[in-house]
Amino acid sequence: MTVRIGMIGAGRMANTHADCLAQIAQARIVAVADVLPDRAQTLAARSGATGYTDYRTMLAREKLDAVYICTPTGEHAQPAIDTAEHGLPFFIEKPLTLTMRDAWRVARAVERANVMTCVCYHWRYTHAALKAQEILGDRPVALTAAEWWWTLPPIPWLRDKDLGGGQVVDQTTHLTDLCQLFAGEVTEVYAAYSHNAYRDAEFHNWDGYALAFKHASGAVGSLRCTYALFKEIAEFQVPRVELIAREMFLRITPTGLIVVTPQGRQEFANTGAHHFGANHAFISAVVTGDASYIRSSVPATLRSLALTLAANESAQTGKPINLAEFMRAAE
Ligand SMILES: NC(=O)c1ccc[n+]([C@@H]2O[C@H](COP(=O)([O-])OP(=O)(O)OC[C@H]3O[C@@H](n4cnc5c(N)ncnc54)[C@H](O)[C@@H]3O)[C@@H](O)[C@H]2O)c1
């Protein structure tokens, strides 16, 4: 089977996924929709697809098997709902939405239409994450600790917290997602943010973030991240999730996994493009009809989004946020 794909949004991430899809024999991009005609045409030309400026026209005219939604985050919900109402499975960029209310709207549309979905939590599909899960097994985790030292986001709209959600919602959601994957769901989060390195006029966003959270399993977790540095810092301090269990330390980074125990140190390297695994899993699920390839469906990742939105709420109110109540209040 060839999976006929329609892309909604033809910017940076759409091109990243197109590179991955070009390596998957069963995948073919047949249509691309972007409000900017040049972007739609450029990506369409790469794969001999048809370009559109309105995704609704694309959904109405094209015979598709799946849709990719790679628009800015505030423009995710409606295309996702429209795609589900066309009965089509979709792959969607994280974060799912900027509000919990929109996230529930998407989740309900997905449930009604009973379509497969994959939210691009691509770290979940890496060799490092899969190997960490195998090695950790069912050992109780004592502590999850995550860090991402970073710089101003490269895409202008992402710099604005009202459009991108801030670093915790937009970027380090990958890390807290893994914390929940390994240590179970988070029940409560407390966050404090700074806006000290930049003036609001030049950067309308927080630049330092500190989170503390409790997992239902009894584990405790923390995240520290910043937008105040520079790209080269990644050579000194790689983004990471660390998991601490009894006499076992695991560190997951974009390049692989390190495991340290009293018996010694083991390393497992990631191979290939970081986003390839998520694309491959989604296409495999569509080809076979077997949703178990997908490790990050909309329902399975609602709590990942909720943790980050609740952290923003905590930072703004100064209060710890109970995640179950936070999610229920928006349902
Ligand atoms: N998974 C990851 O590693 C990762 C990394 C970066 C960004 N992202 C996420 O990917 C998404 C896209 O980010 P990006 O960096 O590609 O942004 P981008 O600005 O480069 O691309 C977005 C594109 O969507 C188009 N667009 C806007 N509204 C539209 C609409 N209603 N219909 C059709 N097209 C529309 C824009 O013209 C633009 O070309 C965001 O949600 C972002 O947070 C994910």
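Scroll up for the structure.
All of these numbers come straight from a predicted model, not from anything done at the bench.

Quick notes on the rules
Residues numbered from 1 in each chain as written. Predicted model: local features only at pLDDT ≥ 70, side-chain atom pairs only at ≥ 80, totals over all residues. Heavy atoms only, no water. Near = heavy atom within 4 Å. Polar contact = N/O pair within 3.5 Å; in protein donor to acceptor, adjacent residues only side chain to side chain. Areas by Shrake-Rupley, 256 points an atom, 1.4 Å probe, with all protein chains shown as cover. Nonpolar A, V, L, I, M, F, W, Y, C, P; charged D, E, K, R; others polar. Phe/Tyr/Trp six-rings, centres within 6.5 Å; stacked < 30°, edge-to-face > 60°. Buried < 20%, exposed > 50% of the residue type's maximum accessible area, 1.4 Å probe, protein only. Lys NZ or Arg CZ within 6 Å of the ring centre and 35° of its normal. Pairing = 2+ DSSP bridges. Helix = DSSP H or I, 4+ residues; strand = E, 2+ residues; numbered from the N terminus. Axes fitted to C-alpha atoms, helices over the stretch in contact; angles between N-to-C directions. Salt bridge = Lys/Arg side-chain N within 4 Å of Asp/Glu carboxyl O. Arc of directions from axis to C-beta. Contact = heavy atoms within 4.5 Å.

Asker: Quick rundown of the site of the ligand? Include the residues and the values.
Answerer: M13, D34, R39, W157 and D170 are the nearest of the 26 residues found near the ligand. Take E93: an N or O atom from its side chain is 2.9 Å from a nitrogen atom of the ligand. Alone, the ligand offers 860 Å² of accessible surface; in the complex the protein occludes 90% of this. Among the residues forming the shell around the ligand, the class breakdown is 11 nonpolar, 8 polar and 7 charged.

Asker: How would you sum up the packing of aromatic side chains? Please name residues and give values.
Answerer: A complete count under the given rule lists 10 aromatic pairs for this structure. For the pair Y198 and F203, a centre-to-centre distance of 5.2 Å together with 65° between the ring planes defines the contact as edge-to-face. Each member of the pair, Y198 as well as F203, carries the same accessibility label: buried. One aromatic cluster in this structure is built from Y193, Y198, F203, W206, Y209 and Y227. The side chain of K161 reaches across the aromatic face of W206, ending 4.6 Å from its centre.

Asker: Kindly report on the sheet that holds strand β1 (residues 3-8), identifying the contributing residues and their values.
Answerer: Ordered by their spatial adjacency, 6 strands build an open sheet running β3-β2-β1-β4-β5-β6, and the pairing between neighbours is parallel. Each end of this open sheet is capped by a strand with a single partner; those strands are β3 (50-52) and β6 (117-119). The average undirected angle you get between the axes of adjacent strands in this sheet is 20°.

Asker: Describe the pattern of salt bridges, with residues and values.
Answerer: For side chains of opposite charge, pairing can occur when their charged atoms come near one another. All told, the structure shown has 15 salt bridges when counted by the stated rule. With its nearest N and O atoms 3.7 Å apart, the salt bridge here joins R56 to D82. On the criterion of sequence distance, the pair formed by R56 in helix α3 (residues 55-61) and D82 in helix α4 (residues 77-85) is long-range, its members being 26 residues apart. Here R56 falls in the partly exposed class, since its relative accessible area comes to 46%. Put simply, E85 and R112 hold a salt bridge, and the shortest N to O gap is 4.0 Å. One end of the pair, E85, is in helix α4; the other, R112, is in helix α5 (residues 100-113), with 27 residues separating them in the sequence. Taken together, the shared-partner salt bridges in this structure form one network comprising D54, R56 and D82.

Asker: Describe in detail helix α14 (residues 323-330), supporting the description with residues and values.
Answerer: Of all the residues in α14, the buried ones are L323, F326, M327 and A330. Buried positions in α14, seen along its axis, are confined to an arc of 95° and lie on one side of it. For α14, the exposed residues lying more than 90 degrees away from the buried face are R328 and A329.

Asker: Lay out the sheet that holds strand β14 (residues 264-269) in plain terms, naming residues and giving numbers.
Answerer: What the 9 strands build is an open sheet, ordered β14-β13-β12-β11-β7-β10-β9-β8-β15; its pairing is mixed. Looking at the sheet topology across the chains shown, the edges are occupied by β14 and β15 (321-322). Where strand β11 (residues 240-245) and strand β12 (residues 248-253) come together, 5 bridges link them in antiparallel fashion. By the bridge assignment, L243 is partnered in β12 with L250. Helix α6 (residues 127-136) rests against β7 (141-149), β11, β12, β13 (256-261) and β14 of the sheet, and its axis sits at about 165° to β12. Sitting on the sheet, helix α13 (residues 298-317) touches β8 (186-194), β9 (208-215) and β15, and the angle it makes with β8 is about 50°.

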